[in-house]
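# Structure at a glance
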Amino acid sequence: MHGLAVTTTEAIGDTKTRLHPVQERLAQSHGTQCGFCSPGMVMSMYTLLRNKPCPSLADVENAFDGNLCRCTGYRPILDAFHSFTKEFLCPMGDECCQVKKTQESFTSEKLPTEEGSECVTYDPSQEPIFPSELQLNDQLDKTRLVFSSNRVKWFRPTAFNDLMILKYLYPDAQLVIGNTGVGCGWQSTYQHYPEVIAVTNIPELLAVEPTVAGVWIGASTTLTILQEILQELVNTEPEHKTRVYVAIIDMLKWFAGNQVRNVVSIGGSIMTASPTSDLNPLFVSARCKVTVANKDGDQRTIVMDEQFFYDHRKNMVKPDEVLINVLIPFTRKNEYFEGYKQAHRRKNDTAIVNAGMRVLLDDDGDVIKELCLCYGGMACRTVVATNTAAHLVAKNWDDDLVQEACDLLEKELSLPPGVPGGMETYRNTLCVSFFFKFYLTVQMKRNAGSNLTEMKVPSSYQSATCVFERETSFGCQMFEKIQDEQQRIDPVGRALPHLAATQNTTGEAVFVDDTRPLAGELSMALVVSTKSHAKLITVDASRALQMPGVVDFIDHKDVPGNNNFGLAAQDQQVFAVDKVMYQGQIIGAIVAETRTEAQRAAQAVVVEYEELTPIFTIQEAIDSDSFLTSDPLTLRNGDVTEGFNASDVVIEGETYMGGQEHFYPETQTSIAVPSGEDNEMTLLVATQFLHYIQQSVAATLGVPRNKIVCKAKRLGGGFGGKVGNSALVALSLAVAANKLQRPVRCSLERTEDTRITGSRQPFLGRYKVGLSRAGIIQALELDIYSNGGYAMDLSNITTLRAVVHADNGYKIPNVLVRGHICKTNLPANNVMRGAGTPQGVFLCEQWMERAAEALGISPDKLREMNLYKEGDLTPYNQPLTDCNLNRCWDDVMKQSDYEHRQNDINVFNSENRWKKRGIAVMPLKYGMGHKLHSGDQAGALVHVYTDGSVLLAHGGVEMGQGLHTKMIQIASRVLKIPMSKIHTSETSTDKVPNASHTAASMTSDLNGMAVLIACDVIMKRLQPFVAKNPAGSWEEWVTTAYTDRVSLSATGFYKTPKEDHDWQTNSGDTYNYFSYGAAVSEVEIDTLSGDHVVLRTDIVMDIGQSLNPAIDIGQIEGAFIQGYGLFTLEEVRRSPTGFLYTAGPGTYKIPSMNDIPVRLNVSLLKGSSNPHAVYSSKGLGEPPLCLAASVFFAIRHAIAAARADVGLNDFFLLDSPATAEKIRMACADQFTRQFPEPKKGSYTPWVIGL
Ligand SMILES: Cc1cc2nc3c(=O)[nH]c(=O)nc-3n(C[C@H](O)[C@H](O)[C@H](O)COP(=O)(O)OP(=O)(O)OC[C@H]3O[C@@H](n4cnc5c(N)ncnc54)[C@H](O)[C@@H]3O)c2cc1C
Ligand code: FES
């Protein structure tokens, strides 16, 4: 930290003194849910404001490239921070309630603006002063530093000579600048460098020198500074000279995030020599030069030509040389330069393929004099298509060139099947598609510069050259106003912020791993299987036990009770005994004094395996008859044979939907604390299911459950991933703490968390559907296969939910659906938000699309004519009462102006060949309740203290969904006291026993009723004292009741009145009630790259009477964006041996701020109520996720428009997720035809579909 000052969110404001405006506005605008990302969001905004006190909207949108949030869907975060900009206006425009000042019953949720708001005005002059000793002098930056430990020596020389001496003394020393390339390897592979030299402060490596040829930039210059330098030159030099600079600036928009660009250096990028580097193809194509020096002081200049990157991560700089600077040359007249990049996610992602392309034309601007096409992602190095260029030089730059160039590129660069990185057909197609874009762009620029009247590029082709520039995101949120007659003190139905919002934004919120170390505490690291299916021959921890700090090795022999556990079946092991069933299965654990010591030693445990044949995919499981249940879960109603006989049209097909990682921001974390007495143990666990952890720990340790207490204050996200998964860490930790009788802590690294835990199941559906000619559905026969992994966890519930949601919102008289759970060598897959419903709904909407195409009816008309109506029976014979599905549908069609926009889209598509738009609408019927109604129960405990304060406990866990806030709103209404008098500190098994898991969107319903009942009991007991002293205060009534020896503590218990469904007779209610919704999404796709953007989404949700519209809209938006990830971006990729490639944020891409719909409008259905839940509310944490499939189908329609342009009007298969690869490859054209898919079975693929 020498010479640096670090500011954290804790330093800029707190809840005790004063909130910083950034913290306050984020909290007030509902921009924080679980709060795990909030300090990062605050500091990104704070940094922007410190650098630019009055930023533009675009500045704000760009400041969060490197921040991810899994809960909110980003809209409220952006709303909060847009309020710091000059342009800030309410997204409602003229409809803004401030503008209209009407008394309409609908209102918009809106961040209070500065004028008349409760938010503090931002005043940059009030910011903490940057330490003046650092501001006024750079002496500390000029000091030579050496840090050393017994493992590493870290040098920071400040003179070039000193650097060269160090390089001489330590020839193997690792040079670092940003340390992003080196440091990441350090963490992920435990690489060890005994000597490190940081070259960040050497003047020669920071110098910038403009020359006539271009600009020399010091190797240690960061990308942020590089961007500024180039922008300055773009502003001052003639346009034709700075075409390379413009391309680099454009590329930097897609390069990592701000935080990374602030430290990554130009030299580090060149020396890392990554084959997917974004900058190196530009540098090579531009013919940059580098200067290097060796230890003898000799300098040489190397041209970054096709030879420069000669092998994987190798370049022409020798190991004893140091890179000093880089020349980025100017371009010449008639020289054109462009950069391209396509990644899985638009921002902050590694390229699948990128390119730098340069052409120099002769003086007439027609004939090619020089051509350089340089690619990343097309080889194990940055590669130049030299043969292609050689053949094309001296040719005319005209339309005849394109096919020839594509053929040459195919010959020279095309990737063989099974190449590392996979996606070979897509990458080959991108390679030629990028050239086509380059060709068109140069044509456009030539045209622009030559005053030609004749257009060289047809108008319908021109949009192919544009990169989609997002407008500022905005949206509105509509919900019903509170009735005037509702008392002010009554908070139910009000749009109140999450009660922990300010703790979240100030960093005061305590998560499990924030708990201060306890006396004698140890750390645990897991030893996991590296094989997918194998016998364990030996497990040797002897070397690990010799390592510093190591206390013990724990395995199955240390389990005093039952080594088996599980939710639906006892089919998982705390520690593997003689066989491993998936890569990541826990074999043992190292316990050490510190986390680093435990992690290092865990790597040193040697495991010998005898490999067995694994099964990974659904098809392999079907072929091997490998299932987790002997019989399929079957839903039968009516007679499908009769239904098909009565049908005019019968379609058959299959569709696949990939899985999804939970990607909760807080990884699995627990602390186990033995009391030292009578086998008692307390566990702090980041779990959604404390009761399950308590019962499993007790069984594992062989003690009764009353000895084990499990607590959770809050979770950093859960999304279902902390139901069954949490047991994996908690149980091994309990065994360790029990054996050593010391507190032990374990917090998983992101990649090990992802490998060890299960996720959302991939699904395959095989369907047969019969319809009348007019489009009325007659029969559905469907086989659903879910990939459950090696053990059941909750795959039975998930698959059943898919089975019973196979009708989504449509009346189907004859149904036969069978759900099969495949047993494979993957982690035990489990519940994730929606638990099977998104899959069931998606399969249904897929065959609806196919049916529409078969009938020649538009999909929206087919959907509309089959929607359920009031009183209809579902296939499981449950009548739909208060069915608001049609109202949601009508409202969303109106709100989105669907028909008008469909016409606009048709016009757009007819005018654009390489960009297409699509729009789709879909309904949703979502069943609320657990599969077994035994889960539909809850308890609450209310203590009133003699000062009138209330401590409220219930069985639900707070994980960002605002549960505690809603429960306190309910308690406040019943007790008729302000919310500020009520507090919830944590959820614990010793306060409310046997609580159901916090999941299935039911927790507010169930616990809310329990809270209401408990508070009612208290109110009844206080009634005599109120009657005696009606003018008294709450405190007076409480005190008199206490003095009169009345208990001020009460429990509440609630169960839903419904009985379990009988699957034999297909009778009894499956669900307590239904939530309804509908959504319309519009997208634009780039058919040449597969890129897409969601232009607009409209959602109407029926959630009864909202308990808290702000929190509920937050849930809707957050769920929708998570669903958007599921259906478009997030792809779980494994190797043929089961290795998970996508185990961390570097490879697994959740939606970022840049991916959300440009416009997102959410309305809560007016005038809805629900007699089956507390205060007429409805559960909603999960349903809106399913509506994100509307984006998938909008993409599908856009692709269909592209295919129609080449005469392909037949049905085409598009599985989920609709990734850039799938979009591009489905948009068949001359470029895709060049690269037919290789024959399955003729090669070993790099990645397998699960
Ligand atoms: C979160 C994240 C996101 C990323 N996203 C992208 C992306 O979108 N696009 C992309 O292209 N890349 C991306 N990267 C990779 C990134 O570009 C590289 O890690 C980075 O370029 C390395 O630069 P650095 O300054 O951090 O180098 P360091 O890690 O400090 O060093 C890298 C290598 O350069 C050598 N070296 C450094 N200086 C010299 C010198 N003067 N002379 C000789 N050798 C030297 C070092 O010895 C080391 O081998 C990302 C990385 C991270 C961590
Ligand atoms: S609030 Fe952003 S990750 Fe939870």
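Numbering of residues starts from 1 in each chain and follows the order in which that chain's sequence is written. Chain A is the first chain written and ligand 1 is the first ligand written, with later ones labelled in order. Where local features are concerned, this predicted model is filtered to residues with pLDDT of at least 70; where side-chain atom pairs are given and counted, the filter is 80 or more; whole-chain, interface and lining totals use all residues. Note: side-chain values were computed over all heavy atoms of the structure, leaving out hydrogens and water.

Our focus in this paragraph is the overall build of the protein chain. A count of helices and strands for the protein chain gives 38 helices and 41 strands. Here the globule rule reads 2.2 Å times residues to the power 0.38, and the radius of gyration is calculated from C-alpha atoms. The C-alpha atoms of the protein chain give 31 Å as radius of gyration, which agrees with the globular expectation for 1250 residues (33 Å, within 12%). On the principal axes, the C-alpha backbone points of the protein chain span a range of 95 × 75 × 70 Å. A total of 1250 residues make up the protein chain; the buried ones form 61% of that total. We call two residues contacting when some pair of their heavy atoms lies within 4.5 Å. A separation of at least 24 residues holds for 78% of the contacts in the protein chain among residues at least 6 apart in sequence. The Shrake-Rupley method, run with a 1.4 Å probe, gives the accessible areas here. Residue values count only the displayed protein chains as cover. Surface summary for the protein chain: the accessible area is close to 46,900 Å², and the carbon and sulfur share equals 51%. Charged-residue counts in this description rest on Lys and Arg as positive and Asp and Glu as negative, His and the chain ends being excluded. Note on charges: their place is set at NZ of Lys, CZ of Arg, CG of Asp or CD of Glu. Of the charged side chains in the protein chain, 115 are positive and 143 negative, and the gap between their average positions amounts to 1 Å. Helix and strand assignments come from DSSP, with helices taken as H or I runs of at least 4 residues and strands as E runs of at least 2, each series counted from the N terminus. Exposure is judged per residue with a 1.4 Å probe applied to protein chains only, and the accessible area is read against the type maximum: over 50% gives exposed, under 20% gives buried, and values in between give partly exposed.

Our next topic: the side chain of Glu61. Its place among the elements puts Glu61 in helix 4 (residues 57-62). Here Glu61 sits buried without a salt bridge, and the closest side chain of opposite charge, Arg470, lies 4.5 Å off (N-O distance). Looking at Glu61, its side chain comes within polar contact range of the side chain of His82, at 3.1 Å. Residues within four places of Glu61 in sequence aside, it is in contact with Leu78, His82, Arg470, Glu471, Thr472 and Ser473. Salt bridges are defined by distance alone: a side-chain nitrogen of Lys or Arg within 4 Å of a carboxyl oxygen of Asp or Glu. Residues adjacent in sequence count toward polar contacts only when both atoms are side-chain atoms; beyond that, a polar contact is any pair of N or O atoms within 3.5 Å, and within protein one must be able to donate a hydrogen and the other to accept it.

Right, let's talk about the site of ligand 1 for a bit. One heavy atom suffices: a residue is near a molecule or strand as soon as one of its heavy atoms comes within 4 Å of it. Of all residues adjacent to ligand 1, which total 27 residues, the nearest are Leu175, Ile177, Asn179, Thr180 and Ser265. Leu175 places a polar main-chain atom, nitrogen or oxygen, 2.6 Å from an oxygen atom of ligand 1. In the complex, the protein chains occlude 83% of the 980 Å² of accessible area that ligand 1 would expose alone. Of the residues contributing to the shell around ligand 1, the split by class is 14 nonpolar, ten polar and three charged. Note on residue classes: Ala, Val, Leu, Ile, Met, Phe, Trp, Tyr, Cys and Pro are nonpolar, Asp, Glu, Lys and Arg are charged, and everything else, Gly too, is polar.

Next up on the list: the packing of aromatic side chains. Any two rings among Phe, Tyr and Trp, with Trp reduced to its six-membered ring, count as a pair given centres within 6.5 Å; such a pair is stacked if its planes are under 30 degrees apart, edge-to-face if over 60, and tilted if neither. Taken as a whole and assessed by the stated rule, the structure comprises 27 aromatic pairs. Centroid distance Tyr461 to Trp914: 5.5 Å. Interplanar angle 80 degrees. Geometry classified as edge-to-face. Of this pair, Tyr461 sits in the loop between helix 17 (424-450) and strand 15 (477-480) while Trp914 sits in the loop between helix 30 (898-911) and strand 33 (915-928), and the two are 453 residues apart along the sequence. Take Tyr461: its relative accessible area is 25%, and that puts it in the partly exposed class. An aromatic cluster is present here, built from Trp397, Phe435, Phe438 and Tyr439 joined pairwise through their rings. Criterion for a charge above a ring: Lys NZ or Arg CZ within 6 Å of the ring centre, and within 35 degrees of the ring normal. The positively charged end of Arg750 is found above the aromatic ring belonging to Phe663, 4.6 Å away from the centroid.

Within the secondary structure, Val539 is located in strand 17 (residues 534-540). Taking the C-alpha atoms as reference points, Val539 and Gly834, separated by 295 residues in sequence, lie 39 Å from one another. Sequence-distant contacts of Val539, that is, excluding residues within four places in its chain, are made with Phe553, Ile587, Val605, Val606 and Val607.

This next bit is on the nonpolar core. Put simply, a nonpolar core is a bunch of buried Ala, Val, Leu, Ile, Met, Phe, Trp, Tyr and Cys residues held in one set by side-chain atoms that sit within 4.5 Å of each other. Grouped together as the largest cluster of nonpolar side chains are 167 residues, with contacts concentrated most on Met41 and Phe81. The element best represented in this core is helix 32 (residues 1003-1028), accounting for twelve residues. In contact with Phe81, other than residues within four places in its own chain, are Val22, Leu26, Met41, Met45, Val60 and Phe64.

Another aspect to go through is the pattern of salt bridges. Following the criterion strictly, the structure yields 59 salt bridges and no others. Two residues, Asp366 and Arg446, come together in a salt bridge whose shortest N-O distance is 2.6 Å. You can see Asp366 sitting in the loop between strand 12 (351-361) and strand 13 (368-376) and its partner Arg446 sitting in helix 17, a full 80 residues away along the chain. Classification of Asp366 as partly exposed rests on a relative accessible area of 34%. On the basis of relative accessible area, Arg446 is assigned to the buried category, the value being 7%. Here Arg1096 and Asp1098 are joined by a salt bridge, their closest N and O atoms 2.7 Å apart. Accessibility classification places Arg1096 together with Asp1098 in one group, the buried group.

For the rest of this paragraph, the subject is the UniProt feature "binding site: FAD" (unreviewed entry) in the protein chain. UniProt positions are given in the numbering used here, feature names are shortened, and annotations may be inferred rather than shown by experiment. Per the UniProt entry, the sites bearing "binding site: FAD" (unreviewed entry) are Leu175, Val176, Ile177, Gly178, Asn179, Thr180, Gly181, Val182, Phe255, Asp278, Leu323 and Lys341 in this numbering. Across 167 residues, the annotated set is spatially dispersed, with a maximum C-alpha separation of 28.5 Å. Turning to its location among the elements, Thr180 is positioned in helix 9 (residues 180-189). A residue is classified by how much of its surface remains accessible, and Thr180, at 30% relative accessible area, is partly exposed. In this structure Thr180 touches Val260, Val263 and Val264, once residues within four positions along its chain are discounted. Structurally, Phe255 is set in the loop between helix 11 (243-254) and helix 12 (258-261).

Turning our eyes to something else, we now look at the sheet that holds strand 8 (residues 289-294). Note on pairing: two strands pair once DSSP finds at least 2 bridges between them. Strand order in the open sheet formed by five strands is 6-7-10-8-9, with antiparallel pairing between adjacent strands. Both outer strands of the open sheet, strand 6 (208-210) and strand 9 (299-303), are each paired with one neighbouring strand and no more. Averaged over all pairs of adjacent strands, the angle between strand axes in this sheet comes to 20 degrees, irrespective of strand direction. Here strand 7 (residues 214-218) runs beside strand 10 (residues 321-329); their pairing, made up of five bridges, is antiparallel. Bridge assignment links Trp216 to a residue of strand 10, and that residue is Leu327. Packing against the sheet, helix 8 (residues 160-169) makes contact with strand 8 and strand 10, and its axis sits at approximately 130 degrees to strand 10. In this description, a line fitted to the C-alpha atoms serves as the axis of each element, helices being fitted only across the stretch in contact, and the angle between N-to-C directions of two axes falls anywhere from 0 to 180 degrees.

Our next topic: the UniProt feature "binding site: Mo-molybdopterin" (unreviewed entry) in the protein chain. Listed under "binding site: Mo-molybdopterin" (unreviewed entry) in the UniProt record, and renumbered for this structure, are Gln688, Phe719, Arg833 and Ala1000. A maximum C-alpha distance of 12.3 Å is found for the annotated residues, which run over 313 residues; spatially they form one tight group. The contacts of Gln688, once residues within four sequence positions are left out, are Leu715, Gly718, Phe719, Gly720, Gly721, Lys722, Val723, Val957, Met959, His997, Thr998 and Ala999. Topologically, Phe719 is positioned in the loop between strand 28 (708-712) and helix 24 (726-740). Ignoring anything within four residues of it in the chain, the contact list for Phe719 reads Arg70, Cys71, His662, Phe663, Tyr664, Pro665, Gln688, Val831, Met832, Arg833 and Gln1122.

Another point: the packing of helix 34 (residues 1109-1129) against helix 36 (residues 1189-1205). Between helix 34 and helix 36, whose axes approach to 8 Å, the crossing angle comes to 40 degrees. When the axes of helix 34 and helix 36 are compared, the pair comes out oblique. Residue-level contacts link Phe1120, Tyr1124, Phe1127 and Thr1128 of helix 34 to Ala1189, Ser1190, Val1191, Phe1192 and Ile1195 of helix 36. Looking at side-chain class alone, the contact of helix 34 with helix 36 contains seven nonpolar, two polar and no charged residues. These descriptions rest on fixed angle ranges, namely under 35 degrees for roughly parallel, over 145 for roughly antiparallel, 65 to 115 for roughly perpendicular, and the rest for oblique.

Glancing now at the environment of Gln570. When you line up the elements, Gln570 lands in the loop between strand 19 (564-565) and strand 20 (572-573). Taking the C-alpha atoms as reference points, Gln570 and Met792, separated by 222 residues in sequence, lie 8.7 Å from one another. Aside from chain neighbours lying at most four places away, what touches Gln570 is Asn562, Asn564 and Phe565. Side-chain polar atoms of Gln570 contact the side chain of Asn562, separated by 3.4 Å.

The subject of this paragraph is the pairing of strand 34 (residues 937-944). In the case of a regular strand, side chains alternate between the two sheet surfaces. For strand 34, the buried fraction is high: six of the eight residues fall into the buried class. Taken together, the seven bridges between strand 34 and strand 38 (residues 1049-1055) define a ladder with antiparallel strand orientation. Each bridged residue has a counterpart across the sheet, and for Gln937 the counterpart in strand 38 is Lys1055. One ladder, built from five bridges, connects strand 34 with strand 35 (residues 950-954); its direction is antiparallel. Following the sheet pairing, Leu941 is matched in strand 35 by Ala953. The hairpin turn running from strand 34 into strand 35, its antiparallel successor, is five residues long, and Gly948 in that turn takes a positive phi close to 95 degrees.

A word on helix 2 (residues 21-28). Residue pairs spaced three or four apart in an α-helix point in one direction, given the helix's 3.6 residues per turn. Of all eight residues in helix 2, seven are buried, a share of seventy percent or more. Packed against the buried residues of helix 2 are helix 1 (9-12), helix 3 (38-51), helix 5 (75-82) and helix 18 (501-506). One or two steps after helix 2, the chain reaches His30, where phi turns positive at roughly 65 degrees.

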